[in-house]
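The primary structure of each chain is shown beneath.
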Amino acid sequence: MKKILAFSGSNSSKSINQKLVHVATAELDPASVTVIDIRDYPLPIHSVDIEAQGMPENAERLRALFSEHDGFLISCPENNSSMTAILKNLLDWMSRFEGKIFQEKPVLWMATTPGKNGGQTNLKHVAELTPWWGGKLVATFSLPRFNETFDAESGTLREAEHRAELTAAVKALEAAVSQ
């Protein structure tokens, strides 16, 4: 069975992007997806000096997860119109292994914010870089006004339009992984 690795690029215990990951992965067969919290894989800030001492154990563990999975579902928080420092650092460490970060596998990028932009500036940036990182971009999904559009009680999206867009993006990833 093909497997998808899903995570948010957030280090917040109350991450709205991690909540979006859970909404998105509910669309998938639970046996086909591994959801992680990157806070469980702390990494030092990338440095050639640290790298010269050997790869950190958590970088090795993450690389093994990247290699074991056939596609990626990543919700990318926006921080000053760019990706978060923790996600950038994770990608920097993954780039230090042989081969490209995403190893020519399909990637779905998502983002949500409390504001009306829904992380679109950041999504555009990571989408443009995905081929450079060795990923096959299959879709992006932006959810604006998270606090208004997410129903915390049910753990679902309130608006049918957003649910349909998210389902289409997840199904695109699922189809790409199955090829």
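Residues numbered from 1 in each chain as written. Predicted model: local features only at pLDDT ≥ 70, side-chain atom pairs only at ≥ 80, totals over all residues. Heavy atoms only, no water.

## Some points on helix α4 (residues 85–94)
Our working definition: Burial status follows relative accessibility: with a 1.4 Å probe on protein chains alone, a residue under 20% of its type maximum counts as buried, one over 50% as exposed, and anything between as partly exposed. A run of H or I in DSSP becomes a helix once it reaches four residues, and a run of E becomes a strand once it reaches two; helices and strands are each numbered from the N terminus. Any two residues whose heavy atoms approach within 4.5 Å are treated as being in contact.
Of the residues making up α4, those classed as buried are L87, N89, L90, L91, W93 and M94. Packed against the buried residues of α4 are β1 (4–8), α2 (48–52), α3 (57–68), β5 (82–83) and β6 (105–112).

## Some details on the pairing of β6
On a regular strand, one side chain projects to one face of the sheet and the next to the other, so that they alternate. Stated formally: We treat two strands as partners when DSSP finds at least two bridges between them. Here a crossover is taken to be right-handed if, once the strands point away from the viewer, the path from the first strand over the helix to the second is traced clockwise.
Burial of β6 is extensive: 8 of the 8 residues sit out of reach of the surface. Two strands pair when backbone bridges link them, and strand β3 (residues 71–75) and β6 are joined in this way by 4 bridges, in the parallel orientation. In the sheet register, S75 faces β6, and the bridge partner there is M110. Examined bridge by bridge, β6 and strand β7 (residues 135–143) share 8 bridges and lie parallel to one another. Across the sheet, A111 pairs through a bridge with S142, a residue of β7. For the crossover that starts at β6, traverses helix α5 (residues 120–129) and ends in the parallel β7, the hand is right-handed.

## Concerning the side chain of T113
The topology assignment puts T113 in the loop between β6 and α5. Excluding residues within four positions of it along the chain, T113 makes contact with I16, E78, G118, G119, L143, P144, R145 and F146.

## Some details on the packing of aromatic side chains
Heads up, the rule is: Pairing of aromatic side chains here covers Phe, Tyr and the six-membered ring of Trp, requires ring centres within 6.5 Å, and sorts the geometry by plane angle: under 30 degrees stacked, over 60 edge-to-face, intermediate tilted. Distance and angle both matter: a charge sits over a ring if NZ of Lys or CZ of Arg is within 6 Å of the ring centre and within 35 degrees of the ring normal.
All told, the structure shown has 8 aromatic pairs when counted by the stated rule. Judged by centre distance (6.2 Å) and plane angle (55°), the rings of W109 and W133 are tilted. On the criterion of sequence distance, the pair formed by W109 in strand β6 and W133 in the loop between α5 and β7 is long-range, its members being 24 residues apart. For the pair shown, W109 and W133 are each scored as buried. Here the guanidinium or amino end of K100 rests over the ring plane of W132, the centre of that ring lying 4.7 Å away.

## Quick look at the sheet that holds strand β2 (residues 33–35)
Counted only if it meets this: Interaxial angle, 0 to 180 degrees, is taken between N-to-C directions of lines fitted to C-alpha atoms, where a helix line uses only the stretch in contact.
Reading across the sheet, the 5 strands line up as β2-β1-β3-β6-β7 and stay open at both edges, with parallel pairing between neighbours. Every interior strand has two partners, whereas the edge strands, β2 and β7, have only one. Neighbour to neighbour, the strand axes of the sheet diverge by 15° on average, direction disregarded. For β1 and β3, the ladder comprises 5 bridges, and the chain directions are parallel.

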